[in-house]
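Observations on the three-dimensional arrangement
In case you want the letters, here they are:
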Amino acid sequence: MKEVVLECYGEACPIPLVKAQKKIEELDAGDILIVQIDHSCAMKNLPEWARKDGHNVEVDEIDDGEWEVIIEKVV
Amino acid sequence: MSEEVKSENKIKRSASSRTRTRKPKRSQIPIGIAVLLIVIAIGVLLTIKSVNLGIFWFIGIIFGFILQRSRFCFTAALRDPSLTGGTSLTKAVLLAFAITSIGFTAIKYGAFIKGLPIPGQGFIAPVSFGTVIGAFMFGIGMVIAGGCASGTLMRVGEGFTMLMITLLFFIVGSLLGAYNYGWWKLNVILKGEPIFLPDIFGWAGAIILQLLFIGVLYLAADKWEKRKNNIK
Amino acid sequence: MDLKKNEYYLTVFKNPWTYVKGAVLLSIFQIVSFAATVNPWGVSGAFAYWGAWIFELFGGNVDKWYYFSNSATLDAGFINSASSLRNVGVIFGALLATLLASQFRIKKLKSWRQVIAAMLGGLLMGYGARIASGCNIGALFSGISSLSLSGWVYALFILLGAFVGGKLLTKFFM
């Protein structure tokens, strides 16, 4: 079960989302993608996309204005 | 509604991947309250000078607050359908168009039937190639810059250094546009004319047609996202 | 009382609002603003004046430019420019929102690509908004809501521009 970290601090919309969408294709079911972001839009649009695609998602606020979006690939 | 997922089965991740545990940090709320007081103070001073200025200040504060709290983004609404396949913001923007159209039309019509000058008619811009080219340029610009006009202001307030550069060059670009404006006005913009939909369809016809059109676009946006999701 | 766990604090100040809530509130205040200030919301118009005032600070002169031929706004200065104050208000409103949610963070520049994208994008927006008589707010949001056909024409072409922008973004700026 792989864990991949995508560091996206300082990236503007929609770059974290597009990078995450591309990265998750490379993973297998059960793998975990952790996207590190500091963009307020991304902490909303990343989970929204991931859930629509059927994955399990958690958002962890790890500091003021810093989040980790944890996506567990389901399919 | 909370965006945090409180699922029973939390995603299992290795302890080593936890980059850091949440630092016990002093909340920014006190700073926020200080800023709030400053904002109110500025607003009061402006209002003493001119009620109109005070209104504009507070309206700006409110718009900025709403935009940030809901992560509202016109750029995303227009860009995501082609880039990420998502249309949730597109639909939200269409909803905003619909509600605002109704409100604006009610105000305009109210003035019209009283024989008063209709407010806001300066925003009925001529339909010309200036509109076409300018909108196209703006569309490209906002996507690569990471924000549109309102989005740039919002993100400057959020501390985004990149968007501060965007704002600076937005200002420069505006000055350049103003510099060339005489040429554009004479050769392009004046070749078009302002078209106020009620002049063509009547007041009721215009608002009904517009709302119907927005409805059609809304359904299309909804379908678009579902299609994009199925192509996997 | 732990503020951070308080339901009211969480819903109003901490957790993101839904896009629908944003759309409804934005619309309500657009309408209120229209009623109170006689004109709909616009953002980019003020930027031309900001540019002119800065230009004048550096010794420039825009008196002969057609754009500024009605010099009332220019002469009155920044502090009297209602739409300028509204724009600054938007910045402060967003700042306030992030601070009260304890989510403020300075996002530093990451790469030269970001700088170039910001410069190019800003220039395109600034210039495009002038010749199209407005930006996504004044020409698109307010234009459409004002029942102006120009708003819809703007909508079509800003959409096409966003499509092209997306392609450029993924190709050069990611």
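Let me sum up the structure you'll find in this document. (Residues numbered from 1 in each chain as written. Chains lettered and ligands numbered in written order. Predicted model: local features only at pLDDT ≥ 70, side-chain atom pairs only at ≥ 80, totals over all residues. Heavy atoms only, no water.)

The next thing to look at is the interface of chain B and chain A. Every contact between the two is made by 33 residues of chain B and, on the other side, 36 residues of chain A. When chain B packs against chain A, close to 3,100 Å² is buried across both sides, 46% of that on carbon and sulfur atoms. Linking chain B with chain A are 1 salt bridge. Its salt-bridge partner being Glu-225 of chain B, residue Lys-52 of chain A comes within 3.3 Å of it at the nearest N-O pair. If you look at where chain B meets chain A, you find 6 residue pairs in polar contact (both at pLDDT 80 or more). Mapped by element, the contributors of at least two residues to the side of chain B that touches chain A are helix H2 (51–70), helix H3 (74–83) and helix H8 (197–230) of chain B. Of the residues in the side of chain B that touches chain A, the class split is 5 nonpolar, 11 polar and 17 charged. (Contact = heavy atoms within 4.5 Å. Buried area = accessible area lost by both parts, 1.4 Å probe. Salt bridge = Lys/Arg side-chain N within 4 Å of Asp/Glu carboxyl O. Polar contact = N/O pair within 3.5 Å; in protein donor to acceptor, adjacent residues only side chain to side chain. Helix = DSSP H or I, 4+ residues; strand = E, 2+ residues; numbered from the N terminus. Nonpolar A, V, L, I, M, F, W, Y, C, P; charged D, E, K, R; others polar.)

Another aspect to go through is the interface of chain B and chain C. At the junction of the two partners, chain B supplies 120 residues and chain C supplies 126 residues. Of the roughly 11,600 Å² buried where chain B meets chain C, counting both sides, 79% is carbon and sulfur surface. Broken down by element, the side of chain B that touches chain C gets its largest block of residues, 21 residues, from helix H7 (residues 161–187) of chain B.

Below, the discussion takes up the sheet that holds strand E1 (residues 3–7) of chain A. Residue and element names in this part refer to chain A. With mixed pairing, the 4 strands of this open sheet are ordered in space as E1-E2-E4-E3. Strands at the two margins of the open sheet, each flanked by one partner only, are E1 and strand E3 (56–63). Pairs of neighbouring strands in the sheet enclose a mean axial angle of 20 degrees, with direction left out of account. Pairing of E1 with strand E2 (residues 32–37), which is carried by 5 bridges, proceeds in the parallel orientation. Looking at the pairing, Leu-6 lines up with Val-35 of E2. Contacts between helix H1 (residues 15–25) and the sheet are confined to E1, E2 and strand E4 (66–72), with E2 contributing the most and set at about 165 degrees to the helix. (Pairing = 2+ DSSP bridges. Axes fitted to C-alpha atoms, helices over the stretch in contact; angles between N-to-C directions.)

Attention now goes to the layout of surface pockets. Sizing a probe to match a water molecule and rolling it over the atoms shows the empty space that remains. There is about 1,000 Å³ of room inside the largest pocket. Lining the largest pocket are 33 residues, and of these Gly-122 and Phe-123 of chain B together with Gly-45, Tyr-67 and Arg-130 of chain C sit closest to its centre. Listed by contribution, the elements that provide at least two residues to the lining of the largest pocket are H7 of chain B together with helix H3 (44–57), helix H5 (82–100), helix H7 (136–145) and helix H8 (149–172) of chain C. Among the elements that line the lining of the largest pocket, the one with the most residues is H3 of chain C, at 4 residues. Along the lines of polarity and charge, the residues of the lining of the largest pocket split into 15 nonpolar, 15 polar and 3 charged. (1 Å grid on protein atoms, 1.4 Å probe; cavity = no way out; pocket = protein on both sides within 12 Å on 5 of 7 lines; lining within 4 Å. Points joined across faces, edges and corners; volume = space filled by probe spheres on them.)

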